[in-house]
Amino acid sequence: MLRAVVLLLLSLGLATALPAQSPVGGVTLSGSVQDARTRTGLPFLNLQLLAEQDSAFVAGRITNETGAFTFSGLVKGRYVLVVRSIGYQPIRQRVVIGELSAFLDLGALLMRADAQTLGDVVVTATAEGVSGTMDRKTFTVADNISQAGGSVLQAMSTLPGVTVGQDGKVQVRGSDKVVVLIDGKQTALTGFGSQSGLDNLPASALERIEVINNPSAKFDANASAGIINLVFRKQEQQGFNGKVGVMGGAGALWVKQENLPTIRPQFRGTPKFNPSLSVNYRHGATNAFLQGDWMYAPTLNKNELATRTYDDGTVILQQVKRNRRTDYATLSAGMDHAVDAHNSVSVSGLFNREKILDNGDNPYFTGSLQNRTRLWQFLEDEVKYTAFGSAVVTHRFAQPGHTLALTANYSFHREDERYTFTNTRPTFVGTDAFALLSDEHVVDLNADYIKPLRQGRVEAGFKGRYRSIPVNMQFFAGQQSPIDTGAGGWATYRETIPALYGTYVFESQHVELEGGIRLEGVRVDYDVNPDHNTYASDGYRYLQPFPNIRAAYKFDDTSKLSLFFNRRVDRPNEVDIRIFPKYDEPELIKVGNPGLQPQYATSAEAGYKTSGAKGSVYVAAYHRIVDGTITRIATQAPGSVLLYHVFQNAGRSVSTGSELVWQHAVSRALSLSANATVYRKTVHAFAVVNQYPVPVRYEAARAQLTSGTVKLNAVMTLPYGWQAQLSQLYLAPDLLPQGRIDSRYALDLGAKKSVQQGRGELVVNATDLLNTMQLRRTIRGTDFRMVSTDYAETQVIRVGYNRKF
């Protein structure tokens, strides 16, 4: 079925396409005119830029007193630059605006007394959407009607090639090894080397989302599956302007699955409220902006029912229900100031507070629902604070696009978490607790240099990072507690990363080449409380090159074939190696592994894009090999039914797949788009030893499964000025190192209407309208099998209003 859908979409898409795009604001073309004999600049000469096809006038300029000139706002196309001066042979210079650089330098054009024929000069530009370079896809958040008013995580779930996997992590092409940036920078708000906070960060704060499958050497080598860049809203119009909005709604309108007996009710009809405000003031050389968002969103965060079956015949029925109350406030502000024509300063800051109150019920039954052996109830009271500051000094040389940027970033993140547990057994009731305090400090210093060339550009830079995370965990055990008090105490994570990178870009009329390399050194030290009953201090080091190559052939202005190769790494995050067990599930305990090592990924990809008047089609095939695959492995404690989920390096895994992105404007009233991803995942045989709480060996045979996703989207223009969006999502079964995830399906619907002469907008939408999205997993261990289904809240209906001023 999945194969048939992909073939159908491919056959439709090859006949349609959208025109290629140039960068926002167009391309800037610069150079100078000089006397060929004396090499002195020729001032005040007339220049004309003509269309190559029909010699139509495009733009005119006059060289300045030094002979320099600049054309700005140019779009993709072929041009002829004509230079005339009395006493010199006229110059007719062919110019091609391509798709790789927003600034181009023609260098010196030499005027001679005798006739000379100059060779072609090729100039390039950058594209958005499924870009001409095909290394990224860009999506405007305001266009996603069906997810307006939701979280960033919900907005991402509708993007081509992106899914939300187990534990709410974003996956790109079936892998969760994704780094999420904010305005091109790593922050503690979205995680360093991992993902965090996406399920509560309001999508209303964003202007657009960029999915980068093949990052250049400029980006950190971490994240083998790619990078997602969240671009916050910032206006640049003169004067005072802004936008105010409010969204409200309700989730969990009906019950997906009833509770097991003897526990408190699950949340229903959960209210949602999301006001937002962004203001901007631009005057002269200064632009200042301020943005605030608040999200109040109670939710049925988890509602997982599971059956554990052990080889000795023991069967345990259980439920993990978590009623969560969250309020999430974000405030960001900044200022850009042009000191003079060549120097500018940008300063920005972000503050975030996230308050979480979880009320959980975990009942456990042995054999039947009449035999409850444990009821584990808890209250989690957690507050997270994030502060981020950035300062950028940019020097612009006389040549347009020739820049040097120096950046300093500081990020702070505090996690203050307290759990109180009630452990009800058949013969007693115990009270347990733990408290965790973690402060993360990160300092980044970057230097980035760009120089335009006649046929491309060069980039080079440096990055230095120091990161420190001291963590303190205190356990307070009650009567016959499952809590391991010997696993508490302190631990400190320290990370130092120096890195150098260089990139060269070349483009001719038909050929594009981009090559880069990043030399990265990493030192991680993890110091552990010497009294810990299992783990000792550990860490890792490496100094390695990470190359990336892109080669492309342009058949014409609408069709291109690109080839990619890159090598990347996934470093374990601090929470992956954290030595302290978590007890929100007392019989399925999660714990880190300080001996965890980085995983390394090598990938190759071929992509083809064609575009036309009414649509576009993009097709890609990729192959990715990962060595030292990082995953959680569950093992059974000897003589006990308790399971321990521990991070491990599970050997080699391979993913081979293809992706299709298709768009077609059927009419003025109907636009269709589709995305299909199919991949075959293979996990090679491996053996590991979980050290906590005692060494237990686990072995797995080679496993293989074909999976994928299909997303269909229709945008319709309705009577009375309404616009509607219908989105469907299907996720095929997928492979885990210890089992599999079953298929999932959801239907989203949204509509919006412009009011108040275009200044206001009404929005109404429904996420998972049919309440069908649920996560079913099967895990196989050495002596057990667990089948679970999570019926967490996914159905939400919202109504909102936005107004520009």
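Draft legend 1. Representation of the sheet that holds strand S29 (residues 588–591) within the structure. Taking strand neighbours across the sheet as the criterion, the three strands line up as S29-S33-S32 in an open arrangement whose pairing is mixed. Bordering the open sheet on either side are S29 and strand S32 (630–636), each of which pairs with just one other strand. Direction aside, neighbouring strands of the sheet carry axes that sit 30 degrees apart on average.

Draft legend 2. Structural detail: the pairing of strand S14 (residues 226–232). Counting buried positions along S14 yields seven of seven residues, so the element is predominantly enclosed. Burial along S14 is two-sided: the face carrying Gly 226, Ile 228, Leu 230 and Phe 232 and the face carrying Ile 227, Asn 229 and Val 231 are both buried. Examined bridge by bridge, strand S12 (residues 178–182) and S14 share five bridges and lie parallel to one another. Residue pairing across strands places Leu 181 opposite Asn 229, the latter belonging to S14. Both strand S13 (residues 206–212) and S14 contribute to a ladder of six bridges, which runs antiparallel. The residue of S14 that forms the bridge with Ile 209 is Leu 230.

Draft legend 3. The arrangement of the nonpolar core in detail. Counting residues in each nonpolar core, the largest one holds 53 residues, and the members touching the most others are Phe 421 and Tyr 583. If you look at the next biggest cluster of nonpolar residues, it comprises 27 residues, including Val 170, Val 172, Ala 297 and Phe 388.

Draft legend 4. Structural detail: unusual backbone geometry. The omega torsion of the bond from Tyr 692 to Pro 693 falls at -5 degrees, within 30 degrees of zero and hence cis. Relative to the elements of secondary structure, Pro 693 occurs in the loop between strand S36 (686–690) and strand S37 (696–700). A positive phi angle, near 55 degrees, is found at Gln 757, a position not held by glycine. With respect to the helices, strands and loops of the structure, Gln 757 is situated in the loop between strand S42 (744–755) and strand S43 (760–767).

Calculation notes
Chains are numbered independently. Their residues run from 1 in the order of the written sequence. Per-residue local features of the predicted model are confined to residues with pLDDT of at least 70, and side-chain atom pairs are confined, for both listing and counting, to 80 or more; whole-chain, interface and lining totals are unaffected and use all residues. Only heavy atoms go into the side-chain values, all of them from the structure, while hydrogens and water stay out. Should DSSP find at least two bridges between two strands, the strands are taken to pair. Put simply, DSSP H or I for four residues or longer makes a helix, DSSP E for two residues or longer makes a strand, and each gets a number counted from the N terminus. To get an axis, fit a line to the C-alpha atoms, keeping to the stretch in contact for a helix; angles then go from 0 to 180 degrees between the N-to-C directions. Classification of residues uses two cut-offs on accessible area relative to the type maximum, computed with a 1.4 Å probe and protein chains only: under 20% is buried, over 50% is exposed, and between them is partly exposed. What is meant by a nonpolar core is a set of buried Ala, Val, Leu, Ile, Met, Phe, Trp, Tyr and Cys residues, joined one to another through side-chain atoms within 4.5 Å.

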